[in-house]
Amino acid sequence: AFTCGVAALLLFAGRGVVPNWLSILAGNALVAASYGLLWAGFRVFENRPAPPGGVVAGAIVWLGACGVPDFYKSFETRVLLSSVITAVYCGLAAREVWLGRTERLGSRLPVAAILLLHGVALLARWPSLDLLGGPREATVFAAPWIVAHAFEGLVFTVAISFLVLGLSKERIEAQQRRLASCDPLTGVLNRRSFVH
C-alpha cells in the first residue's frame, strides 16, 4: 500500500512535467489502489479474505469517472470523488480493525481511530477548495491549506506504520504467552501456568 502511494506521490510531484493523464488519471488511480491495499491488508490481518475486486474498485471507479469529459474538466468534482474513494477505504479498514476487537490488542483502538480521523481529513479537502480564489486547479499547490493536508498525510503515514507494527507485535506476544502456558497436545494449562 505504501509503495503504491509513493508511486502516486511521484506522479503528483511531476505535475506540469509529466502529461496530465499520467499525473491526474494514473496518480489518483494509484492513490485509490494504495488505500484499497491498506484495507485488504487489515482484512488479511483479521484472517478474512481480501477480494481483489474490492482492492481495485476505487481505481476503476476513478478511471471510469475520468472517462466522462465533464467530470474530468471539473477540478472540484475530481477532488470530491478522490476524497470520497479514499475516505471510504479508510472507513472500511477501521471497520475491519474494530470487528476483530474480541482479540484484545492495545493498539487496536488507536489504529481504528487514526483511520477514521484520516478519512475525515480526506473528506475535508473538498470544502477546503472554497478557501482558494481564482482558477482553482492552477493555484491548488500554492494554497496554504494544502500544507495542512500534506502534514496530516505525513503524520498519518508515520503513525499508522508504527501502530500496525504495534498490532503485529502484540499479537505475536499473545501467541507466545499462550504457547508458553499451555500443553501443546492437550491444551491444558502447564506447570508454569499452574504456579503463576
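This is a predicted model, so every value here is computed, not measured. (Residues numbered from 1 in each chain as written. Predicted model: local features only at pLDDT ≥ 70, side-chain atom pairs only at ≥ 80, totals over all residues. Heavy atoms only, no water.)

Points about the confidence of the model for the protein
- Confidence in the prediction of the protein, expressed as mean pLDDT, is 86, and 91% of residues score 70 or more.
- Here helix α8 (residues 136-139) stands out as the element of the protein with the lowest mean pLDDT, 55, in contrast to helix α3 (residues 52-66), whose mean of 95 is the highest. (pLDDT = per-residue confidence, 0-100. Helix = DSSP H or I, 4+ residues; strand = E, 2+ residues; numbered from the N terminus.)

Observations regarding a nonpolar patch on the surface
- A cluster of nonpolar side chains, contributed by Leu 80, Val 84, Val 88, Leu 92, Leu 123 and Trp 126, occupies part of the molecular surface with about 460 Å² of accessible area.
- In terms of residue count, the dominant contributor to the nonpolar patch is helix α5 (residues 75-99) (four residues).
- On the secondary structure map, Leu 80 appears in helix α5.
- You can call Leu 80 partly exposed: its relative accessible area is 32%. (Patch = residues over 30% accessible without salt bridge, like charges linked within 9 Å, V, L, I, M, F, W, Y side chains within 5 Å. Areas by Shrake-Rupley, 256 points an atom, 1.4 Å probe, with all protein chains shown as cover. Salt bridge = Lys/Arg side-chain N within 4 Å of Asp/Glu carboxyl O. Buried < 20%, exposed > 50% of the residue type's maximum accessible area, 1.4 Å probe, protein only.)

Some words on the packing of α3 against α5
- Look at α3 against α5: their axes get within 11 Å of each other, and the N-to-C directions meet at 175°. Regarding the angle of α3 to α5, the classification is roughly antiparallel. Contacts between α3 and α5 involve Gly 54, Val 55, Val 56, Ala 57, Gly 58, Val 61, Trp 62 and Ala 65 on the former and, on the latter, Arg 78, Leu 81, Ser 82, Ile 85 and Tyr 89.
- Partitioning the contact of α3 with α5 into residue classes produces nine nonpolar, three polar and one charged. (Axes fitted to C-alpha atoms, helices over the stretch in contact; angles between N-to-C directions. Parallel < 35°, antiparallel > 145°, perpendicular 65-115°, else oblique. Contact = heavy atoms within 4.5 Å. Nonpolar A, V, L, I, M, F, W, Y, C, P; charged D, E, K, R; others polar.)

A look at the packing of aromatic side chains
- Tallied over the full model, the rule gives two aromatic pairs.
- Consider the rings of Trp 39 and Tyr 89, whose centres lie 6.2 Å apart with planes at 40°: the pair is tilted. A residue pair is termed long-range when its members are at least 10 positions apart, and Trp 39 in helix α2 (residues 20-45) and Tyr 89 in helix α5 qualify at 50 residues. As far as burial versus exposure is concerned, Trp 39 and Tyr 89 are alike and both buried.
- The aromatic ring of Tyr 72 is capped on one face by Arg 78, whose charged end is 5.4 Å from the ring centroid.
- Taking NZ or CZ as reference, Arg 171 lies 3.8 Å from the ring centre of Phe 45, over its face. (Phe/Tyr/Trp six-rings, centres within 6.5 Å; stacked < 30°, edge-to-face > 60°. Lys NZ or Arg CZ within 6 Å of the ring centre and 35° of its normal.)

Re the pattern of salt bridges
- In this structure the tally under the stated criterion is eight salt bridges.
- In this structure, the salt-bridge partner of Arg 48 is Glu 96, at a minimum N-O distance of 2.7 Å. One end of the pair, Arg 48, is in the loop between α2 and α3; the other, Glu 96, is in helix α5, with 48 residues separating them in the sequence.
- The exposure class of Arg 48 is partly exposed, given its relative accessible area of 24%.

Details of α3
- With 15 residues, α3 extends 22 Å from end C-alpha to end C-alpha; this agrees with the ideal 21 Å at 1.5 Å per step.
- If you look at α3, its biggest bend is around 35°, right at Gly 58.
- All of the buried residues in α3 are Gly 54, Val 55, Gly 58, Ala 59, Trp 62, Ala 65 and Cys 66.
- On its buried face, α3 sits against α2, α4 (69-73) and α5. (Expected span 1.5 Å × (residues − 1). Bend = angle between axes of the 7 residues up to and from the residue.)

A closer look at helix α6 (residues 108-123)
- Relative to the 22 Å expected for 16 residues at 1.5 Å per residue, α6 spans 23 Å between its end C-alpha atoms, a close match to the ideal helical length.
- Looking only at α6, the buried set comprises Arg 108, Val 111, Ala 112, Ile 114, Leu 115, His 118, Gly 119, Ala 121 and Leu 122.

Digging into the nonpolar core
- If you look at the biggest cluster of nonpolar residues, it comprises 31 residues, and the most contacted ones within it are Tyr 35, Phe 42, Trp 62, Val 111, Leu 115 and Ile 160.
- The dominant element in this core, judged by the number of residues it contributes, is α2, at nine residues. (Core = buried A, V, L, I, M, F, W, Y, C linked by side-chain atoms within 4.5 Å.)

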